[in-house]
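Observations on the three-dimensional arrangement
The chain contents come next:
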Number of protein chains: 2
Amino acid sequence: MGKIIIVGLGPGNVDEMTPRARAAIESAEVIAGYITYIKLIPDLVSGKEIIGTAMMQEVERCKQAIDAAVAGKKVAVISSGDAGVYGMAGLVIDMILDLPVKIDFEVIGGISAVNAAAAILGAPLMHDFAVISLSDLLTSWELIKKRVRNAADGDFVIALYNPKSKRRVDNIVEVQKILLEYREKNTPVGIVTNAGRANEQKIITTLENFTAEEINMFSLVIIGNSQTYIKSGFMITPRGYEGKQ
Amino acid sequence: MGKIIIVGLGPGNVDEMTPRARAAIESAEVIAGYITYIKLIPDLVSGKEIIGTAMMQEVERCKQAIDAAVAGKKVAVISSGDAGVYGMAGLVIDMILDLPVKIDFEVIGGISAVNAAAAILGAPLMHDFAVISLSDLLTSWELIKKRVRNAADGDFVIALYNPKSKRRVDNIVEVQKILLEYREKNTPVGIVTNAGRANEQKIITTLENFTAEEINMFSLVIIGNSQTYIKSGFMITPRGYEGKQ
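Remember, predicted model here, so these are calculated numbers, not experimental data.

Cut-off values and rules
- Residues numbered from 1 in each chain as written.
- Chains lettered and ligands numbered in written order.
- Predicted model: local features only at pLDDT ≥ 70, side-chain atom pairs only at ≥ 80, totals over all residues.
- Heavy atoms only, no water.
- Pairing = 2+ DSSP bridges.
- Helix = DSSP H or I, 4+ residues; strand = E, 2+ residues; numbered from the N terminus.
- Contact = heavy atoms within 4.5 Å.
- Axes fitted to C-alpha atoms, helices over the stretch in contact; angles between N-to-C directions.
- Parallel < 35°, antiparallel > 145°, perpendicular 65-115°, else oblique.
- Left-handed = near helix turned anticlockwise from the far one by under 90°.
- Nonpolar A, V, L, I, M, F, W, Y, C, P; charged D, E, K, R; others polar.
- pLDDT = per-residue confidence, 0-100.
- Buried area = accessible area lost by both parts, 1.4 Å probe.
- Salt bridge = Lys/Arg side-chain N within 4 Å of Asp/Glu carboxyl O.
- Polar contact = N/O pair within 3.5 Å; in protein donor to acceptor, adjacent residues only side chain to side chain.
- Least-squares fit on C-alpha atoms with pLDDT ≥ 70 in both.

Looking now at the sheet that holds strand S6 (residues 122-123) of chain B. Strand order in the open sheet formed by 3 strands is S6-S13-S12 (chain B), and the pairing between neighbours is mixed. Sheet topology places S6 and strand S12 (229-231) of chain B at the edges, where each strand pairs with a single neighbour. In this sheet, strand S13 (residues 234-236) of chain B lies alongside S6(B) in parallel orientation, the contact comprising 2 bridges. Directly across from Gly122(B), in S13(B), lies its bridge partner Met235(B). Running over the sheet, helix H5 (residues 89-97) of chain A touches S6, S12 and S13 of chain B and is turned about 130° from S13(B).

Here it is, written out as structure tokens:
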């Protein structure tokens, strides 16, 4: 009987992939994933059957992966970061559980992009935080903006996934304007692009000063809460509120 | 010259600790951390100098770790999960940057408790989520409740750290009441206790039915958004909203 293992690679270098994730990939006969992620681990997938599709073809990729498992193969479905955060886990599990046959599956977590970015910036996530994707492909832009307002009003540290794409360049600017209604202009903002990969870039700036030009589809943006500060080039959020605000 | 490496262990088993984290611990002469975490990795710390303190003594532990680094030693400060999420990273970095001498430091991320719990439950974090600690030691209970309301109003998936301690047993019950004002009674709730460790326990229940008795200080609680569903014992949040709600 086949099996599907849903694996998070972590940021993308093998040094930050867990032994459990690595062993799952090594033992798999078939690797399914967005081709950009497969290219991150050439040595691990060498000689294996690859189901690699371009972005936005997730459903087709899942179907092929499940077909391979039904045919008796051991399949690893890979995502970068953690497969359970804006990754493939939900779709794959749902499709497996709809099958007329029982296929074993397992989810193996990885270091999520927000955690990888935070480690590079210093310690911006030390207190309550909200993770929001700015992609309006499957969620209305109105709901995304409402969430930004809710998170801003609650003084959450805010991590923005998918802050910008080729098609979608204005959302991040609109979010910046909304946040400036709630937070000081000099609120620290950290931008990490290609975290843990070649060409890793780190920018520490402020809510007023950051620009969309510094951000691309491989960036993660972290906006500090009211207590976050910059010290010697590092972004730090304290563990609490002095005087318990 | 000494060095401080701030390391996230991941859930607590060496199979889910990254090679980068493991190498840092192996190369360190001194290990500093809450004694419960040090006990998770006996083989890795054997023979090393240990700065192990009880919980709530973080500042003292950081001071001792920094003293050892100033004295020229290589020190690993460990947290379970990710050191940057309610961990030690912020405090340690802040204290290092205040020193009159320059000490090198590095933050090495780990799989965060929320990601480890999510992988065990299925795929509850597939969409925007808020992470909130119910510990009111350094944050006012009023602000915590406000954040719960903000997150509920924004239809975030909500992950609760520190849901209960010996001293603090009623907060989770109050949060349950608040959430029931915003979400359906049958909203899926996942509770994972000792994720990735011995005695790991998983409960999938609903917002109306979960009880504080099922939760302890080693639990992480994940409350679904309006779209989250339970299927064959797994908790799944879809990647978006059909019809883009």
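Back to the write-up after that little detour.
Let's shift gears to the packing of helix H4 (residues 58-70) of chain A against H5(A). Residues and elements named next belong to chain A. Running from N to C, H4 and H5 point in directions that differ by 50°, and their axes come no closer than 10 Å. Taken together, the axes of H4 and H5 are oblique relative to one another. Every pair of crossing elements has a handedness; the one defined by H4 and H5 is right-handed. Residues Glu-58, Val-59, Cys-62, Lys-63 and Ile-66 of H4 lie in contact with H5, whose contacting residues are Leu-91, Val-92, Met-95 and Ile-96. Here the contact of H4 with H5 is built from residues that sort into 7 nonpolar, no polar and 2 charged.

This prediction gives chain A a mean pLDDT of 95; 98% of its residues lie at or above 70. Here the predicted complex scores 0.97 on pTM and 0.96 on ipTM.

The subject of this paragraph is the interface of chain A and chain B. The partner chain B presents 66 residues to the 66 residues of chain A that form the contact. Summing both partners gives a buried area of about 5700 Å² for chain A against chain B, and 55% of it is carried by carbon and sulfur. Of all residues in chain A, the largest losses of buried area upon contact with chain B belong to Met126(A), Arg147(A) and Arg239(A), amounting jointly to 12% of the total for that side. Inspection of the region where chain A meets chain B yields 14 salt bridges. As a salt-bridge pair, Arg20(B) and Glu16(A) come within 3.1 Å of each other at their nearest N and O atoms. Scanning the region where chain A abuts chain B turns up 38 residue pairs in polar contact (both at pLDDT 80 or more). Class assignment of the residues belonging to the side of chain A that touches chain B gives a composition of 31 nonpolar, 19 polar and 16 charged. Bridging between strand S7 (residues 129-133) of chain A and strand S7 (residues 129-133) of chain B involves 3 bridges; their strand directions are antiparallel. Note that in S7(B) the partner of Phe129(A) across the bridge is Val131(B).

Taken as rigid bodies, chain A and chain B are interconverted by a rotation of 180° and an axial shift of 0.0 Å, the fit giving an RMSD of 0.0 Å. Taken together, the rotation and translation relating the two chain copies correspond to the operation of a two-fold axis. Of all interface residues in chain A, 100% are interface residues in chain B too; the two copies therefore contact each other through one and the same surface.

A separate point is the sheet that holds strand S13 (residues 234-236) of chain A. Overall, mixed pairing links the 3 strands, which are arranged S6-S13-S12 (chain A) in an open sheet. Strands with a single pairing partner mark the edges of an open sheet, and in this sheet they are strand S6 (122-123) and strand S12 (229-231) of chain A. Lying over the sheet, helix H5 (residues 89-97) of chain B contacts S6, S12 and S13 of chain A, oriented at roughly 130° with respect to S13(A).

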